[in-house]
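Letter by letter, the chains look like this.
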2 protein chains.
Amino acid sequence: MEKPAISKPTLQRLPIYLNYLQSLPKSVKTTSAKQVALALGLNEVQVRKDLSVASPNGGKPKTGYEVEQLKEDLEEFLGYHHPKEAILIGVGKLGTALLSFTGFQQLGMKIFCAFDNDPEKIGKEINHIPIASVHEMKKICLERQIHIGILTTRPEPAQELCNWMLESGILAIWNFSTALLNVPENIIVHNENLAVSLAMISHQLDEQQKKESAV
Amino acid sequence: MEKPAISKPTLQRLPIYLNYLQSLPKSVKTTSAKQVALALGLNEVQVRKDLSVASPNGGKPKTGYEVEQLKEDLEEFLGYHHPKEAILIGVGKLGTALLSFTGFQQLGMKIFCAFDNDPEKIGKEINHIPIASVHEMKKICLERQIHIGILTTRPEPAQELCNWMLESGILAIWNFSTALLNVPENIIVHNENLAVSLAMISHQLDEQQKKESAV
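These figures come from a predicted structure and were not determined experimentally.

> Where do I start with the side chain of A:E75 in this structure?
Residues and elements named next belong to chain A. Along the chain, E75 turns up in helix α4 (residues 67-77). For the buried E75, which has no salt bridge, the nearest side chain bearing the opposite charge is K71, at an N-O separation of 6.5 Å. Not counting residues within four places of it along the chain, the set of residues in contact with E75 comprises L18, Q22, Y80 and H81.

> How do you make sense of the sheet that holds strand β6 (residues 129-133) of chain A when you look at a structure like this?
Two strands in a sheet stick together by hydrogen bonds in their backbones, pointing the same way (parallel) or opposite ways (antiparallel). All names here are of chain A. Read from one edge to the other, the open sheet built from 7 strands follows the order β5-β6-β4-β3-β7-β8-β9, with strand pairing classed as mixed. A strand with exactly one partner marks an edge of an open sheet, and here the two such strands are β5 (125-126) and β9 (188-191). As paired elements, strand β3 (residues 84-89) and strand β7 (residues 148-151) share 4 bridges and run parallel to each other. Within the sheet, the bridge partner assigned to I89 lies in β7 and is L151. Across the sheet, helix α6 (residues 137-144) lies against β3, β4 (109-116) and β6, angled at about 160° from β4, the strand it touches most.

> Just to check I follow, could you spell out the pairing of β4(A) for this structure?
In the case of a regular strand, side chains alternate between the two sheet surfaces. Residues and elements named next belong to chain A. For β4, the tally of buried residues reaches 6 of 8 residues, placing the bulk of the element in the interior. Sheet analysis places β3 next to β4, joined by 6 bridges and oriented parallel. What sits directly across from E85, in β4, is K110. In this fold, the crossover linking β3 to β4 by way of helix α5 (residues 93-100) has right-handed handedness. Here β4 runs beside β6; their pairing, made up of 3 bridges, is parallel. Counterpart to D116 in the pairing with β6 is S133.

Quick notes on the rules
- Residues numbered from 1 in each chain as written.
- Chains lettered and ligands numbered in written order.
- Predicted model: local features only at pLDDT ≥ 70, side-chain atom pairs only at ≥ 80, totals over all residues.
- Heavy atoms only, no water.
- Helix = DSSP H or I, 4+ residues; strand = E, 2+ residues; numbered from the N terminus.
- Buried < 20%, exposed > 50% of the residue type's maximum accessible area, 1.4 Å probe, protein only.
- Lys, Arg positive; Asp, Glu negative; His and termini not counted.
- Salt bridge = Lys/Arg side-chain N within 4 Å of Asp/Glu carboxyl O.
- Contact = heavy atoms within 4.5 Å.
- Pairing = 2+ DSSP bridges.
- Axes fitted to C-alpha atoms, helices over the stretch in contact; angles between N-to-C directions.
- Right-handed = clockwise from strand over helix to strand, strands pointing away.

Okay, here's the thing in structure tokens:
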């Protein structure tokens, strides 16, 4: 299916619409942009636009959307019906946690193999995902045509491993390491930094408490 | 220590500076905004400003910053020396993964207790963190004066549990559920949505591949 271009904010809202629809009782057969907007506290015009991108033929005047069809269209648009294969590099604390998380497949991604350089880890499995040597990465990725790499190493080796990934045909990197990666323009990097999130939360909390104690 | 107001982008860069400094060999005793900027591919003026916020007395003309002192100042600013206690609600797949992650404490947060409503889980421990009934949340949080709540439930019960958290004195919510939470203005919500990240990566990858196959 040819997908239309879509803005980042719209794309960020689609999983939220899907979750809302999944939370509806089975007895609810139809919905509308207005209802979704009301339920989620969003702007109706915006919701209407977003839904028309993900489900261009779904909305009917007067009746609105059929809930089941709209769920299907959102799942299809988000690629949940055809999980993409990914690799994970760095089976440390965070890598292990992510390998243990069994919810990725429902979200359109399947981790095919993990890589590490620790002989103690190589050859083992976590959550049925095998751990191989980083030296096998290129062969495995090119054979399986895997294009998504999840990077969960310390920052020091991150750039080198990033380069190896690119040689292995990886086109999109989900970067959980705290390193800033240098990549060619056509490579997608999505930074996910728990340290940054924690710094934000912690600092905002301090600020808030300072403000309240000053009142 | 009274901390100055700080912009969000600055706060997001501080953990990245710290990581860079931690990656330096021990023989490197001093550094400068210029060096940090060069190493990380950032703007020097920006780095200079950022560092002066986190380490107001650290930078000396000519010699620059002492690496050890700057690391100390960044860690102090980011609250790493005094981990804040947090609770986690929802010991499902993602909650279990986060409880298993032993890196939070180095990042200034310690999960004191987890909560669930599943009798099979209550009373057990993950990574030495006890799992209690959600009905004990209020008592425990008020007693320990815990202000950070990590929400890792399905979206359906998220708002109700959010309300319980607020009654329990929680001021900052790290929201890994896909629900949009309604909270009073003074409450901090930091949304962390793996489904959204995955949707972004997956879609950008599709777009990129479409572009390349069109060339």
